[in-house]
Amino acid sequence: MVKTIFKAHLALFGANLIYSINHFVAKGIMPNKINPTPLGFFRVLGALILFGCVKFFIKEKIEKKDVFRLALCGLLGASFNQLVFFHGLSLTSPIDTSIIMTSAPAVVFILSAILLKEKITNYKLLGLSIGAMGAISLIWYGHASQGTSSFIGNLLVFLNVCFFSLYQVVVKPLMAKYHFITIIFWVFLFGLLFLIPIGLKDVIYNTNYGSFTLNTYLIIGFVIVFTTFCTFLFNIYALKQVSPSVAGSYTYTQPALSFIIVIILSVFFNNKTYADDISIIKIISCFLVIIGVYLISKKPKAVIN
């Protein structure tokens, strides 16, 4: 049992390490080698193929009444969120991106309170206020900061968090009804259908494939195989062993991992590109968001009569 729990935590750490690395490697090829829209298109297409191969062994049909909800999930979780994420990342700092990502549980809480009528306690309200201060200060900080921070970029990354959080709320009833591979296959299928009219022109006519190097193809492959396919499987495996709150708490490791990656790039690879991206404002913002999400996730103590 202990060994299984350890593997679950290892899977969660691995998934968030991949996310943190992705912020840097994906930004490294945008927009010099590829624009954000085609990269998002390739990510969705590649993930659809991989999940489709797994879905081949799962014989499960979707009821007609669930098609609209799946289409909405595809729009929110595999098209809109991909577009705003890569466009945001191309404009802002990977560190800013990792900090903003920690606000996801708070956004899910807000949407759940509105759509699912979840109870709002004083702890949750206080946590929401503190977390909002951290997220807003970081996004606004992009106006005047040094380094690669960007107000528009940070705002787009936050919109990605909002879209994906809304997807998590909308998809929740389906998770109790279908196999998760069935759901994710249809989500990516609808996501691709929505992206075709938006991104196919850029993929065919506005991408200079002649400028691609081996490194470009490897990074695109990393985004598809590891950042999308493997991380999803890691998270699903972990959720079978630990609670969603424990799984969600691993999001907090992304800013720290991003700081470590910047230090490694600066010291060992003499890459100073992101050296100015670590600042006291970002560290404080990060702690505010983490404290806020902790308070939101805190369960009230049982009252003994």
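Residues numbered from 1 in each chain as written. Predicted model: local features only at pLDDT ≥ 70, side-chain atom pairs only at ≥ 80, totals over all residues. Heavy atoms only, no water.

(A) Looking closely at the overall build of the protein chain. Scanning the protein chain for helices and strands turns up 12 helices and 0 strands. Seen in sequence order, the protein chain has helices and strands lined up from the N terminus as α-α-α-α-α-α-α-α-α-α-α-α. Evaluated residue by residue, the protein chain yields a buried proportion of 49% over its 305 residues. For the protein chain, long-range pairs separated by at least 24 residues make up 89% of all intrachain contacts whose partners lie at least 6 apart in sequence. About 15500 Å² of surface is accessible on the protein chain, with carbon and sulfur atoms providing 71% of the total. (Helix = DSSP H or I, 4+ residues; strand = E, 2+ residues; numbered from the N terminus. Buried < 20%, exposed > 50% of the residue type's maximum accessible area, 1.4 Å probe, protein only. Contact = heavy atoms within 4.5 Å. Areas by Shrake-Rupley, 256 points an atom, 1.4 Å probe, with all protein chains shown as cover.)

(B) Molecular detail of helix α11 (residues 253–268). An ideal rise of 1.5 Å per residue puts 22 Å on 16 residues; α11 measures up with 22 Å between its terminal C-alpha atoms. Residues of α11 that are buried: Gln254, Pro255, Leu257, Ser258, Phe259, Ile261, Val262, Leu265 and Ser266. In the segment just after α11, asparagine 270 is the residue with positive phi, at about 55 degrees. (Expected span 1.5 Å × (residues − 1).)

(C) Expanded view of the packing of aromatic side chains. Here the structure, examined in full by the defined rule, presents 14 aromatic pairs. With 6.4 Å between their ring centres and 85 degrees between their planes, phenylalanine 41 and phenylalanine 42 make a pair best called edge-to-face. For the pair phenylalanine 41 and phenylalanine 42, one class covers both residues: buried. With centroids separated by 5.1 Å and ring planes inclined at 40 degrees, the aromatic side chains of phenylalanine 164 and tyrosine 167 adopt a geometry described as tilted. Taken together, the residues phenylalanine 164 and tyrosine 167, both in helix α7 (residues 151–175) and 3 residues apart, mark about one turn of the helix. Classification of tyrosine 167 by relative accessible area gives buried; the value is 8%. Ring pairing ties together the aromatic residues Phe51, Phe180, Phe188, Phe229 and Phe232, which thus form one cluster. Above the face of the phenylalanine 56 ring, lysine 59 is positioned so that its terminal group lies 4.4 Å from the ring centre. (Phe/Tyr/Trp six-rings, centres within 6.5 Å; stacked < 30°, edge-to-face > 60°. Lys NZ or Arg CZ within 6 Å of the ring centre and 35° of its normal.)

(D) Summary view of the nonpolar core. Ranked by internal contacts, the top residues of the largest apolar core, which has 53 residues, are Ile34, Leu39, Phe188 and Ile220. At the level of secondary structure, the elements contributing two or more residues to this core comprise α2 (36–55), α3 (67–91), α4 (94–101), α5 (104–115), α7, α8 (180–204) and α9 (214–239). Ranked by the residues each element gives to this core, the list is headed by α8, at 11 residues. Beyond its immediate chain neighbours, meaning those up to four positions away, phenylalanine 188 contacts Val44, Ala47, Leu48, Phe51, Ala78 and Thr228. Ile95, Phe259, Tyr274 and Ile290 belong to the second largest nonpolar core, which has 11 residues in total. (Core = buried A, V, L, I, M, F, W, Y, C linked by side-chain atoms within 4.5 Å.)

(E) Local environment of a nonpolar patch on the surface. The grouping of Ile260, Ile263, Ile264, Val267, Phe268 and Phe269 at the surface amounts to a nonpolar patch, some 650 Å² of accessible area in total. Note that phenylalanine 269 resides in the loop between α11 and α12 (280–297). (Patch = residues over 30% accessible without salt bridge, like charges linked within 9 Å, V, L, I, M, F, W, Y side chains within 5 Å. Salt bridge = Lys/Arg side-chain N within 4 Å of Asp/Glu carboxyl O.)

(F) Up close: the environment of valine 187. Tracing the backbone shows valine 187 in helix α8. Separated by 111 residues in the primary sequence, valine 187 and leucine 76 have C-alpha atoms spaced 9.1 Å apart. Residues within four places of valine 187 in sequence aside, it is in contact with Cys73, Gly74, Ala78 and Tyr167.

(G) Local environment of α5. Between its first and last C-alpha, α5 extends 16 Å over 12 residues, near the 16 Å set by a 1.5 Å rise per residue. By the burial criterion, the buried members of α5 are Ala106, Val107, Phe109, Leu111, Ser112 and Ala113.

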